[in-house]
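Below are the chains, spelled out letter by letter.
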Amino acid sequence: MNQKDFLTIVRPFQDKIYRLARRLLTSEEEAQDATQEVLLKLWSKKKQMTTYRNTEAFAMTMTKNYCYDTLKAKRSSNVSLVHTNYRDNSFDTVKETEVSDSVNWVYKMMKDLPEQQQLILQLRDVEEYTNAEIAEQLEINEGTVRTALSRARKTIREGLLEKHSYGIN
Amino acid sequence: MESIKNIEQWLEAYFEGESTLKQEKKLRAYFTGDEVEPHLEKYIALFSAFAKAKQERYTGEINLPKKKPFSAIFSIAASILVLVGLFLFFNNRNNNNTTDYGTYKDPDVAALKTKQALFMMGSFIDQNTSKLNALDEFEKTTDKYINSNN
């Protein structure tokens, strides 16, 4: 397999890797580094790649592990997690600017969820994977996925309702 | 447009983690659309957040190590060189090694043939030395004068 073949295989899910890392890690730079690292690792395992049932699922698992490791290393070196603002450079419609404040609020709430719930919410509601696929990628069982998903969604709903009742929106 | 009853029902299932991907897709479409019922407006942010999150793209480059394929080419070139070298070496050695001058393997035959060859040489020498007898005559004549001078 040459680099061109590899990039063709990787292209459909490289953004998913990035977005997953972006959800868990604090900055765009970190997420980009993570993506590069994961793809590099995948490249070094390219010989086995054809034997994997599902390269994409394997890549997502690697991303999860990489992010966990990064977060762990950070915690142990006592660097506090700082929420950076999400740069809004894709949407520019009037409606989006109105909504963007509360959208950022949603991202902030997502960041406050336990790591596993963040991952599951991202994989299900953003990437639209099935629970079975998520279970495979995160190496947990399907029941856990469903429970965590419900918990994560409810937590965010509570936050939204609270914010809504203050009339900020 | 989906009926509001469906939306409410799916939303309930959504928070229980029991909605299907298809229903969730329709929910996203509804909440990012233009007509959202006022009592459901609070969920717009949630679903637009997901829709927006999906727009994020990896803009970095993918740097793969370039050493590997190059070293492969080099090792192929090197092994070809080695093969060519070995081929030439053995070829030359084989050419120099032609020690086969048509010698006889069997020592008896070799001895016989050597004898024959030596006899042949001997007979040639005999023929030629017989011609030397003429020199005796020459000596006789010179002796006559030299001895007489003495």
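Procedures and definitions
Residues numbered from 1 in each chain as written. Chains lettered and ligands numbered in written order. Predicted model: local features only at pLDDT ≥ 70, side-chain atom pairs only at ≥ 80, totals over all residues. Helix = DSSP H or I, 4+ residues; strand = E, 2+ residues; numbered from the N terminus. Buried ≥ 20, exposed ≤ 12 C-beta atoms within 10 Å, placed from the backbone. Contact = placed C-beta atoms within 7 Å. Core = buried A, V, L, I, M, F, W, Y, C linked by C-beta atoms within 7 Å. Nonpolar A, V, L, I, M, F, W, Y, C, P; charged D, E, K, R; others polar. Expected span 1.5 Å × (residues − 1). Axes fitted to C-alpha atoms, helices over the stretch in contact; angles between N-to-C directions. Parallel < 35°, antiparallel > 145°, perpendicular 65-115°, else oblique. Left-handed = near helix turned anticlockwise from the far one by under 90°. pLDDT = per-residue confidence, 0-100.

### Some points on the overall build of chain A
Per the secondary structure count, chain A includes 8 helices and 0 strands. Seen in sequence order, chain A has helices and strands lined up from the N terminus as α-α-α-α-α-α-α-α. Residues classed as buried in chain A amount to 31% of the 169 residues present. Long-range contacts, defined here as pairs at least 24 residues apart, represent 65% of the contacts in chain A between residues at least 6 apart.

### Notes on the overall build of chain B
Helices and strands together make up the secondary structure of chain B, namely 6 helices and 0 strands. Secondary structure elements of chain B occur, N-terminal to C-terminal, as α-α-α-α-α-α. For chain B, with 150 residues in total, the buried portion stands at 13%. Within chain B, contacts between residues separated by at least 24 positions form 13% of all contacts whose residues are at least 6 apart in sequence.

### A short note on the environment of L113(A)
Position of L113(A) among the secondary structure elements: in the loop between helix 5 (94–111) and helix 6 (115–126). With 38 residues separating them along the chain, L113(A) and R151(A) place their C-alpha atoms 9.5 Å apart.

### A closer look at the nonpolar core
A21(A), V106(A), I120(A) and L46(B) are the most contacted members of the largest nonpolar core, which totals 50 residues. Setting aside residues up to four positions removed in sequence, L46(B) forms contacts with V106(A), I156(A) and L160(A).

### A closer look at the interface of chain B and chain A
On the chain A side, the residues contacting the 25 residues of chain B number 37 residues. Among the secondary structure elements, those contributing two or more residues to the side of chain B that touches chain A are helix 1 (4–15), helix 2 (21–31) and helix 3 (44–53) of chain B. When residues of the side of chain B that touches chain A are assigned to their parent elements, the largest contribution, 8 residues, is made by helix 3 of chain B. Each residue belonging to the side of chain B that touches chain A can be placed in one class, and the counts come to 13 nonpolar, 5 polar and 7 charged.

### Regarding helix 8 (residues 142–165) of chain A
Helix length check: helix 8 of chain A (24 residues) gives 35 Å between terminal C-alpha atoms against 34 Å at 1.5 Å per residue, within 8%. Turning to helix 8 of chain A, its buried residues number three or more, namely V145(A), A148(A), L149(A), A152(A), R153(A), I156(A) and L160(A).

### Remarks on unusual backbone geometry
All names here are of chain A. Positioned with a positive phi, E128 is a non-glycine residue whose angle comes to about 60°. The partly exposed category is assigned to E128, around which 15 C-beta atoms lie within 10 Å. Of note, E139 is a non-glycine position whose phi angle comes to about 55°, a positive value. Tracing the backbone shows E139 in the loop between helix 7 (131–138) and helix 8.

### Re the packing of helix 4 (residues 55–76) of chain A against helix 7 of chain A
Residues and elements named next belong to chain A. Contact geometry for helix 4 and helix 7: axes closest at 8 Å, N-to-C directions at 55°. As judged from the angle between their axes, helix 4 and helix 7 are oblique. Every pair of crossing elements has a handedness; the one defined by helix 4 and helix 7 is right-handed. In this structure, helix 4 uses A57, M60, T61 and K64 to contact helix 7, whose residues at the interface are E133, E136, Q137 and L138.

### Some words on the packing of helix 1 (residues 3–24) of chain A against helix 6 of chain A
When two helices pack together, you describe them by how their axes are tilted relative to each other and by the distance separating the axes. Residue and element names in this part refer to chain A. Remark: helix 1 packs on helix 6, axes separated minimally by 10 Å, with the N-to-C direction vectors making an angle of 145°. Handedness of the helix 1/helix 6 crossing: right-handed. Residue-level inspection shows R19, L20, R23 and L24 of helix 1 in contact with helix 6, the latter providing E115, Q118, L119, Q122 and V126. Taken together, the residues of the contact of helix 1 with helix 6 break down into 4 nonpolar, 2 polar and 3 charged.

### Observations regarding the confidence of the model for chain A
All names here are of chain A. Residues at a pLDDT of 70 or more form 83% of chain A, whose mean pLDDT is 83. No element of chain A has a lower mean pLDDT than helix 5, at 75, and none a higher one than helix 6, at 94. Long-range and interchain partners of residues 87–92, a stretch whose pLDDT sits below 50, account for 5 contacts in this model, where long-range means more than four residues apart.

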